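One letter stands for each residue in the lines below.
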Protein chains: 2
Amino acid sequence: VVFTESAPCLSSAEEAQTLKMSSDALAYTVAGVAVGAAAAYLLAPSKRAKREPFELRYFPVMAKGLGPTLVAEFSGLPWVGNKDLGFIARGGPPGNNFADIKENLPFGQLPLLTTAAGDMIAQTTAIVNYIGMLAGTEGSGLDYGISQMLIAEAEDIYAMMARNVPTIVAPLNQGIKGDKAAYDLFWSEKLPPHLANLERMCKAGRGFETPGGVYLFSILHQLCLVVPSVLSGSAALSAWYKKTLNDPRTAKVLAGESSMGAFKQYFIEEP
Amino acid sequence: VVFTESAPCLSSAEEAQTLKMSSDALAYTVAGVAVGAAAAYLLAPSKRAKREPFELRYFPVMAKGLGPTLVAEFSGLPWVGNKDLGFIARGGPPGNNFADIKENLPFGQLPLLTTAAGDMIAQTTAIVNYIGMLAGTEGSGLDYGISQMLIAEAEDIYAMMARNVPTIVAPLNQGIKGDKAAYDLFWSEKLPPHLANLERMCKAGRGFETPGGVYLFSILHQLCLVVPSVLSGSAALSAWYKKTLNDPRTAKVLAGESSMGAFKQYFIEEP
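Let us look at the structure shown here. (Residues numbered from 1 in each chain as written. Chains lettered and ligands numbered in written order. Predicted model: local features only at pLDDT ≥ 70, side-chain atom pairs only at ≥ 80, totals over all residues. Heavy atoms only, no water.)

## A word on the overall build of chain A
- A tally of helices and strands in chain A yields 10 helices and four strands.
- Traced from its N-terminal end to its C-terminal end, chain A shows the element sequence α-β-α-β-α-α-β-β-α-α-α-α-α-α.
- Contacts spanning at least 24 positions in sequence make up 68% of the contacts within chain A whose residues lie at least 6 apart.
- Carbon and sulfur atoms make up 59% of the accessible area of chain A, which amounts to about 12800 Å² in all. (Helix = DSSP H or I, 4+ residues; strand = E, 2+ residues; numbered from the N terminus. Contact = heavy atoms within 4.5 Å. Areas by Shrake-Rupley, 256 points an atom, 1.4 Å probe, with all protein chains shown as cover.)

## Quick word on the packing of aromatic side chains
Residue and element names in this part refer to chain A.
- Using the criterion set out here, one finds 16 aromatic pairs over all chains in the structure.
- The interplanar angle of 25 degrees and the centroid separation of 5.1 Å between the aromatic rings of Phe217 and Tyr241 together place this pair among those described as stacked. One end of the pair, Phe217, is in helix H8 (residues 211-226); the other, Tyr241, is in helix H9 (residues 235-246), and 24 residues separate them in sequence.
- Among the residues examined, Phe217 registers a relative accessible area of 0% and is labelled buried. (Phe/Tyr/Trp six-rings, centres within 6.5 Å; stacked < 30°, edge-to-face > 60°. Buried < 20%, exposed > 50% of the residue type's maximum accessible area, 1.4 Å probe, protein only.)

## Quick look at unusual backbone geometry
All names here are of chain A.
- Note the cis peptide between Leu110 and Pro111, where omega equals 10 degrees.
- The residue Pro111 is located in the loop between helix H4 (98-101) and strand E3 (112-114) in this model.
- Here Asn173, not a glycine, exhibits a phi torsion of approximately 60 degrees, which is positive.
- Among the structural elements, Asn173 can be located in the loop between helix H6 (141-164) and helix H7 (180-203).
- Assessed through its relative accessible area of 59%, Asn173 is described here as exposed.

## A look at the sheet that holds strand E1 (residues 54-57) of chain A
All names here are of chain A.
- Pairing in this open sheet of four strands is mixed, and the strands run E2-E1-E3-E4 from one edge to the other. Among the strands making up the open sheet, the edge pair consists of strand E2 (79-80) and strand E4 (120-122).
- Strand direction decides the pairing type here: E1 and E3, joined by three bridges, are antiparallel. Across the sheet, residue Glu55 finds its bridge partner in E3, namely Thr114. (Pairing = 2+ DSSP bridges.)

## A short note on the pairing of E1 of chain A
Residues and elements named next belong to chain A.
- Bridge count between E1 and E2: two bridges; the pairing is parallel. Residue pairing for E2: Phe54 is matched across the bridge by Trp79.
- On the question of chirality, the crossover connecting E1 to the parallel E2 by way of helix H2 (residues 66-75) is right-handed. (Right-handed = clockwise from strand over helix to strand, strands pointing away.)

## A few points about the packing of H7 of chain A against H9 of chain A
Residue and element names in this part refer to chain A.
- Relative orientation of the contacting elements H7 and H9 amounts to 75 degrees, with a least axis distance of 7 Å. Between H7 and H9, the angle is such that the two are roughly perpendicular. Across the interface between the two elements, Leu195, Leu198, Glu199, Cys202 and Lys203 from H7 touch Ala235, Ala236, Leu237 and Trp240 from H9.
- A per-class count over the contact of H7 with H9 returns seven nonpolar, no polar and two charged. (Axes fitted to C-alpha atoms, helices over the stretch in contact; angles between N-to-C directions. Parallel < 35°, antiparallel > 145°, perpendicular 65-115°, else oblique. Nonpolar A, V, L, I, M, F, W, Y, C, P; charged D, E, K, R; others polar.)

## As for helix H6 (residues 141-164) of chain B
- For H6 of chain B, with 24 residues, the first-to-last C-alpha span of 35 Å sits near the 34 Å given by 1.5 Å per residue.
- Among the 24 residues of H6 of chain B, 18 are classified as buried, and the element is accordingly described as predominantly covered. (Expected span 1.5 Å × (residues − 1).)

## Some remarks on the sheet that holds strand E3 (residues 112-114) of chain B
Residues and elements named next belong to chain B.
- A sheet is described by the order of its strands in space; here four strands give the open sequence E2-E1-E3-E4, paired in mixed fashion. Pairing within the sheet leaves two strands with one partner each, and these edge strands are strand E2 (79-80) and strand E4 (120-122).
- Against the sheet, helix H2 (residues 66-75) engages strand E1 (54-57) and E2, with an angle of about 155 degrees to E1.

## Topic: the pattern of salt bridges
Residues and elements named next belong to chain B.
- The full count for this structure, using the stated rule, is 14 salt bridges over all chains.
- The partner of Glu155 in a salt bridge is Lys64, with the nearest N and O atoms 3.0 Å apart. Taken together, the residues Glu155 in helix H6 and Lys64 in the loop between E1 and H2 connect sequence positions 91 residues apart.
- For Glu155, a relative accessible area of 23% puts it in the partly exposed group.
- A salt bridge links Asp143 to Arg206; the shortest N-O distance between them is 3.3 Å. A residue pair is termed long-range when its members are at least 10 positions apart, and Asp143 in helix H6 and Arg206 in the loop between helix H7 (180-203) and helix H8 (211-226) qualify at 63 residues.
- Look at Asp143 and you get partly exposed, because its relative accessible area is 23%. (Salt bridge = Lys/Arg side-chain N within 4 Å of Asp/Glu carboxyl O.)

Below is the structure:
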């Protein structure tokens, strides 16, 4: 090894110290960056997952219970539902049935989410959004916007179903239900434009893998149980529906194996 | 000043260096923490305020336009509405009226929010939530949950109004509107339990200063324009309503001085 006169060398203790300082400075800076980033993350206004389980209560029918249950199952958060709570809406044990808790519910209605702190969140769409916020699965930017649109659109479709499709407890021509002509009109003319709009959005390929998408699935699934071919003219929507249907989390919920237990089909075919 | 024998002193260059190192280490660490925190903040998935204005379009009536407009005005974000866009829903210039844009709207409906990037967010509740997300005013934890409940409850009340209260375009006994008996039943029996639930929540003192609270105000205000005494039995709700009504941002919107321009009252008293 030959050192030329111009080769850099450590000629004094001072220079050695300077180099060591640079190296130390880098190390301290890197460590500082890591600590700072971690602190910023941990101290950020915390809206995220509290790991204590929340609770879900509803009647043992799909209706407006299937959606929140699927959103809970898809959230990855721990939660406890009807089955594991021993909640039986009609005829359950004291304090664990709808009649006993109705008066204290925010709007006298189920579904109900109860937080680990004991706070009650009612209203289906509020529960869906609350779980998304807790889990951090609500999406950002346009995905968040689409998720919110899908929730609202699912509500619009549900409201039409409630007025035009019979259920296991309410036949046509009773209460708010329309007649057979309204039932036919729903499937032939009222629903198709909604499905066409959803098909267009789904085709664009964004925002359906969100709580809003999962909630929409829960409503479309109830349409499919009444008229299995209802999505046959909507290729993209149908593919997304089948993918979501075959998701292991969906399969678990529909098999009655989630913490919510079994769901009865609510909307039925006009006899 | 007396130095005792045991007083600490800088006895060697080595000790001086050690102290300097500690001080440098601290400085570098602090700087690193600052850089790291800033980087974490800037690189975090950005869901917050884009400062480019978003656009709002609706018919020149309160109905479902007052709510999104108030939420926009309360958000503190820059936005442009009907008036400044030159959008006139009925009879506006080419491309700047409802008939011309209807086909391209996500669900063929107004209100419409258009993002700075040109993306369309439709459905009133989706717009309210989207603005809250953009502005970071959506609340966290229970406040977020209450905001979502108020949005859903406002929708429930609006749906009842749509079926039972005449508008400037639809009298009773027409389309989905009920008759005079249904109108009377709405005020005397259907609405009061909803107001009682809201009164209880409002009294608890949380979550009403949110986008959901502002949206609820926009619906309650439309009830008050038809029956001014409607909140007289709800002390907390009434106080909050008056406070929100007197907010300068509300006054500006109701005076027609926001970017949205003037709003006509939509729901009216049964003649």
